[in-house]
Amino acid sequence: MMEAIAMDRQAVYEDYERARRGFHQLLESASEADLARPSRGTKWTNEQLLWHMLIGYMVVRALLVLVHVFGRLPRGAGKAFARLLDAGTVPFDWVNYEGPRGAVKVYGPRRMGTAFDRVLDSLQRRLAAESDADLARGMHYPVRWDPFFKDFMTLADVYRYPTQHFDFHHRQLTLNSSDGRSGKPEVS
């Protein structure tokens, strides 16, 4: 029997709202030149990196489904699935890189903000509906896909993941804030 864990849902909601405010502030304050500027430590522009930050939240919706399925199967099934995904790291990396490059041609900053709001609202509703027992379920992950993936993650870990991903990439943006400093704007 799986032991239920207590998760500080309020802390996750607050992190999501902090990310929402920060994302909108970034989009609203960025000029076209800011968006076209290369980011720090990636091959993306700032606009492409912002899209990638949004995808971090979008992908969690698929991960939630996987955890609900594999969390009920023997651990060996999840381990085998994670190994299979790790074997596909090269095509994953290509899609992960090219996806934002193509997406920004379709989604402008305004549509990115709307999409961000929709996905956060969806994640917050889903988190509110999760039982503690479900939050304790987990599965193995392809650790080569993302530095924030651990070998085994619970559903609670998956809900925390996108904001870790967001914060990491936030530091790579080279957008100018209104006070003339480069980097991330003040977000409380």
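Now for a description of the structure that goes with this document.

Conventions used here
Residues numbered from 1 in each chain as written. Predicted model: local features only at pLDDT ≥ 70, side-chain atom pairs only at ≥ 80, totals over all residues. Heavy atoms only, no water. Core = buried A, V, L, I, M, F, W, Y, C linked by side-chain atoms within 4.5 Å. Buried < 20%, exposed > 50% of the residue type's maximum accessible area, 1.4 Å probe, protein only. Helix = DSSP H or I, 4+ residues; strand = E, 2+ residues; numbered from the N terminus. Contact = heavy atoms within 4.5 Å. Patch = residues over 30% accessible without salt bridge, like charges linked within 9 Å, V, L, I, M, F, W, Y side chains within 5 Å. Areas by Shrake-Rupley, 256 points an atom, 1.4 Å probe, with all protein chains shown as cover. Salt bridge = Lys/Arg side-chain N within 4 Å of Asp/Glu carboxyl O. Phe/Tyr/Trp six-rings, centres within 6.5 Å; stacked < 30°, edge-to-face > 60°. Lys NZ or Arg CZ within 6 Å of the ring centre and 35° of its normal. Expected span 1.5 Å × (residues − 1).

Glancing now at the nonpolar core. With 44 residues, the main nonpolar core has Leu50, Tyr57 and Tyr159 as its most contacted residues. At the level of elements, helix H1 (9–29), helix H3 (46–70), helix H5 (89–106), helix H6 (109–129) and helix H8 (155–170) are the ones that each hand at least two residues to this core. With 11 residues, H3 is the single largest residue contributor to this core. The contacts of Tyr159, once residues within four sequence positions are left out, are Met7, Val12, Tyr16, Leu64, Leu123, Arg126, Leu127, Glu130 and Leu135.

Taken together, the side chains of Val65, Val69 and Leu73 present a nonpolar region at the surface, about 240 Å² in accessible area. Note that Val65 resides in helix H3.

Enumeration over the complete set of coordinates arrives at 11 aromatic pairs. On the basis of an interplanar angle of 55° and a centroid distance of 6.4 Å, the ring pair of Phe23 and Phe166 is categorised as tilted. Here Phe23, found in helix H1, pairs with Phe166, found in helix H8; they are 143 residues apart in sequence, far enough to count as distant. Aromatic pair Phe70 and Phe81: ring centres 4.7 Å apart, planes at 20°, arrangement stacked. Taken together, the residues Phe70 in helix H3 and Phe81 in helix H4 (residues 75–87) connect sequence positions 11 residues apart. Here the aromatic residues Tyr16, Phe23, Tyr57, Phe116 and Phe166 are joined through ring pairs into a cluster of three or more. The side chain of Arg75 reaches across the aromatic face of Phe152, ending 3.9 Å from its centre. One cation-aromatic arrangement involves Arg111 over Tyr107; the distance from NZ or CZ to the ring centre is 4.4 Å.

This brings us to H6. Taking 1.5 Å of rise per residue, 21 residues should cover 30 Å, and H6 covers 31 Å from first to last C-alpha, within 8% of that figure. If you check which residues of H6 are buried, you get Met112, Gly113, Ala115, Phe116, Val119, Leu120, Ser122, Leu123, Gln124 and Leu127. Taken together, the buried residues of H6 touch H1, H3, helix H7 (132–136) and H8.

Treat this as a map of the structure, not an account of what it does.
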